[in-house]
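Chain residues, written in single-letter form:
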Amino acid sequence: MSRYFREISVAAALALVLVGLALFARAFYQPQPLLTLVTSQVAPTLVIACGMTLVIICRQIDISVGSSFAICGVCGALLLKQGFPIGLALPASVLLGAAFGALNGALVAGLGLPSIVVTLATMVTWREALRWLRQGVYVNIGTENQWFGLSQRAGQWTIIIVAVGLMIGLAVVMKHLAAGRFVYAVGTDAEAARLAGIRPRLVTFLCFVLIGALTGLAAMMSAVQSPQVDPTAGVGLELRTIAAVVVGGVSISGGRGNLWGVLAGLLLLSSINPALTYLGVSAFWEKAIQGTIILLAVVADGLRSRKRAN
Amino acid sequence: MNSDKHGLKKLLFRHETLLLLVLVGEWLFFYFRGTTTNFSGVTVGFGTAGAQIDILRHSCEIGLLALVMTPVILTGGIDLSVGSLMGLSAVVFGKLWRDAGVPIPAAITATLALGALAGGLNATLITALRLPPLIVTLGTFSLFRGLAEALTRGADTFTGFPASFQAIGQNNWFGLPAQLLVFVLVAAAIWLLVHRTTLGRSFRAIGYASEGARYAGLPVGRRLATVYILAGLGASLAGLIFTARLNQAGANTGTGYELFAITAVVLGGTSIFGGSGSVHGTLLGWAAVAVLSDSLPYVDWPREVGGMLTGLLLIVALSAGVLPKFLSAWRARRHSSRSVNPQPTPSP
């Protein structure tokens, strides 16, 4: 119980919100709006949050995901518009994202630069480059490419299944495979991990490549949801993702946390806006409540670690 | 510390000196490419006093944030909430003045008090519970912006402030923007604090080794509280100046400014891990960012390129800082691996 205290309390808070909605706002549970909400708001963010979890467990951070999300989405959409099939545009977007991640990883793991500054710089650079080259023009991929060319229902379920499948797969890897444990080891103590025969720089580099590739995937999952791809997508995405990861119990000082908690944290944070809307409260309170939840989560952490120390 | 022969070389390769060269280069480039004479023989463009004053006027707010961010980063912390606090300050100021009928001087005082209070909230969470500043200020980043949006329902803006208040952001005093005077005063105060007081020394000591500073008898908690409250004050001052400059206060005031402020500080040579850095470095970093982000229209380049170049400059500055160490470590590794497996010397 105490070991998974955070995961359980976040899940309990989420259950409370869901029960509250069931009692006071039945409209929230209409299947189609709920499905659209989960596909558009939760699934792509979950995919990026998976990568962010690994990066943060590795005691690094990546705040450039919002910008590479926008670039990958636009580039994938441009390929689709040129008439290339989704089978080519999707891997291209993933590869481009991985390349962005590899650049961050090379600067962080190779040169030993602080990840927050490196990704701050790449975030500004990529965002401004996209603005300059595209001038905010939407990319029209047409309805034939929407939902990967499937029906809306099938497309939505595909996106949800891929996101959840990825998350469960990664959760298993992190818990049961050596590769996953390496990430925890490097995040807990890089020098000790090195002495144990792990290559911390390689692990860090690969974590950045992974979050890049997942960002590319998430970008396409989000891009195919409408016939027009927004080039300003993903502004503030990095902080939303980090918030979900932190609320889910991943320690920002590395080495602790798991993906199930992140799923609960993301669902809790994503449920605020619809909950406010359906309960008739002004939706402008969303960010304030999000901030309060983040602070509550870290305060609980601080109090618990102080109690343990005493 | 060094012999004189090394002293000159050290001065030449100091981060600040290189940054100054970059800044001068930038300025000269824009001066020669961005200044022209029109038909009636009047000089227009970057080289005119008007353009220089405009650039200064636009960048004072980010400069203020960068100044108060410097002590925070020196202690090894970070404050992501300053941009959001600018927004909250602007909205609270507007609400006090328009809806509550509070006179301007009292509203300014109350807004600054709010800034100190908000900084105090960050400080309490960071010091009393020993939480990581990155996460605490990420939470308040969301909280302050959210409160600003909730207070204005996302759409309400405040305008029509009295001319005496707008003067702070729009008038010239002695040929210079009025807010530059505020900026210079704050810069002088922060420089004295960081470089000429024991308080400033203790910031660096905490950033270098927080536990060590504690064992040396420094009141680490109180010192950290000082830097975060100072950051809160600076952010609300920047919010007020922004409001005066545009004669408008909205919930989105200062969005993304925290990132530009951090860029200026890090570009100025302050280590993001704390312990080393300088206020004059921050001023140079700020000037480099300000010139790059505001001057490109004068040479007919899109403004976005300025943002791009700022990001690239940050990466180059960081890499240049670690490259000598990286190369020597690499050489040492190669050397040691050679001595472990000595090659047989070929006989002549």
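It should be emphasised that the depicted structure is a prediction, and the values quoted were computed from it without experimental measurement. (Residues numbered from 1 in each chain as written. Chains lettered and ligands numbered in written order. Predicted model: local features only at pLDDT ≥ 70, side-chain atom pairs only at ≥ 80, totals over all residues.)

The number of helices and strands found in chain B is 14 helices and six strands. In terms of overall dimensions, chain B has a C-alpha envelope of 95 × 65 × 35 Å along the principal axes. For chain B, buried positions account for 47% of its 348 residues. By sequence separation, contacts in chain B at least 24 residues apart represent 74% of the contacts at least 6 residues apart. (Helix = DSSP H or I, 4+ residues; strand = E, 2+ residues; numbered from the N terminus. Buried ≥ 20, exposed ≤ 12 C-beta atoms within 10 Å, placed from the backbone. Contact = placed C-beta atoms within 7 Å.)

The helix and strand inventory of chain A stands at 13 helices and two strands. Principal-axis analysis of the C-alpha atoms places the extent of chain A at approximately 60 × 50 × 35 Å. With 310 residues in all, chain A has 50% of them scored as buried. Sequence-distant contacts in chain A: of pairs separated by 6 or more residues, those separated by 24 or more amount to 78%.

When the terminal C-alpha atoms of helix α5 (residues 104–128) of chain B are compared, their 35 Å separation across 25 residues agrees well with the 36 Å that a helix rising 1.5 Å per residue should span. By the burial criterion, the buried members of α5(B) are Ala107(B), Ile108(B), Thr111(B), Leu114(B), Gly115(B), Ala118(B), Gly119(B), Leu121(B), Asn122(B), Ala123(B), Leu125(B) and Ile126(B). In the core, the buried residues of α5(B) are packed alongside α13 (286–309) of chain A together with α4 (82–98), α6 (133–152) and α11 (220–246) of chain B. Backbone geometry just downstream of α5(B) places Arg130(B) in the positive-phi region, at approximately 55°. (Expected span 1.5 Å × (residues − 1).)

A separate point is the nonpolar core. Nonpolar side chains in soluble globular proteins tend to end up buried together. Core analysis: the largest hydrophobic core is formed by 196 residues, its most contacted members being Val246(A), Leu65(B), Met69(B) and Ala261(B). The dominant element in this core, judged by the number of residues it contributes, is helix α10 (residues 200–223) of chain A, at 16 residues. Residues within four places of Val246(A) in sequence aside, it is in contact with Ile252(A), Ile294(A), Ala297(A), Val298(A) and Ile135(B). (Core = buried A, V, L, I, M, F, W, Y, C linked by C-beta atoms within 7 Å.)

Further remarks concern helix α4 (residues 86–110) of chain A. In this model α4(A) runs 34 Å from its N-terminal to its C-terminal C-alpha over 25 residues, within 8% of the 36 Å that 1.5 Å per residue would give. Two residues or fewer after α4(A) comes Gly112(A), characterised by a positive phi angle close to 75°.

As a further point, take the interface of chain B and chain A. If you look at the interface, chain B gives 41 residues, while chain A gives 40 residues. When grouped by side-chain class, the residues that make up the side of chain B that touches chain A number 26 nonpolar, ten polar and five charged. (Nonpolar A, V, L, I, M, F, W, Y, C, P; charged D, E, K, R; others polar.)

Residues and elements named next belong to chain B. The share of residues in chain B with pLDDT of 70 or more is 93%, and the mean pLDDT across the chain is 87. Throughout residues 340–348 the model reports pLDDT below 50, and contacts reaching past four residues in sequence, or to other chains, amount to zero contacts. Both scores are given for the predicted complex: the pTM is 0.85, the ipTM 0.81. (pLDDT = per-residue confidence, 0-100.)

We now examine the confidence of the model for chain A. In the predicted model, chain A carries a mean pLDDT of 89, and 99% of its residues have values of at least 70. No element of chain A has a lower mean pLDDT than helix α6 (residues 142–145) of chain A, which averages 78, and none a higher one than α10(A), which averages 95.

All names here are of chain B. Tracing the backbone shows tyrosine 298 in the loop between α13 (279–295) and α14 (303–340). The spatial distance from the C-alpha of tyrosine 298 to the C-alpha of glycine 47 is 9.4 Å, given a sequence separation of 251 residues. With residues near it in sequence (within four places) discarded, tyrosine 298 still touches Phe30, Gly34, Gly45, Phe46 and Ala51.

Residues and elements named next belong to chain A. Of note, arginine 59 is a non-glycine position whose phi angle comes to about 65°, a positive value. One can find arginine 59 in the loop between α2 (31–57) and α3 (65–81). Positive phi, normally seen in glycine, also occurs at tryptophan 147, with a value near 55°.

Attention now moves to the environment of Arg98(B). Along the chain, the position of Arg98(B) falls in helix α4. Once the C-alpha coordinates of Arg98(B) and Ile62(B) are considered, the two residues, 36 residues apart in sequence, prove to be 26 Å apart.

The next thing to look at is the packing of helix α5 (residues 115–134) of chain A against helix α12 (residues 257–267) of chain B. Contact geometry of α5(A) with α12(B) gives a least axis separation of 11 Å together with a crossing angle of 120°. One way to sum up the angle between α5(A) and α12(B) is to call them oblique. α12(B) is crossed by α5(A), and the crossing has left-handed handedness. Seen from α5(A), the contacting residues are Val117(A), Leu120(A) and Val124(A); seen from α12(B), they are Leu259(B), Ile262(B), Thr263(B) and Val266(B). Split by residue class, the contact of α5(A) with α12(B) holds six nonpolar, one polar and no charged. (Axes fitted to C-alpha atoms, helices over the stretch in contact; angles between N-to-C directions. Parallel < 35°, antiparallel > 145°, perpendicular 65-115°, else oblique. Left-handed = near helix turned anticlockwise from the far one by under 90°.)

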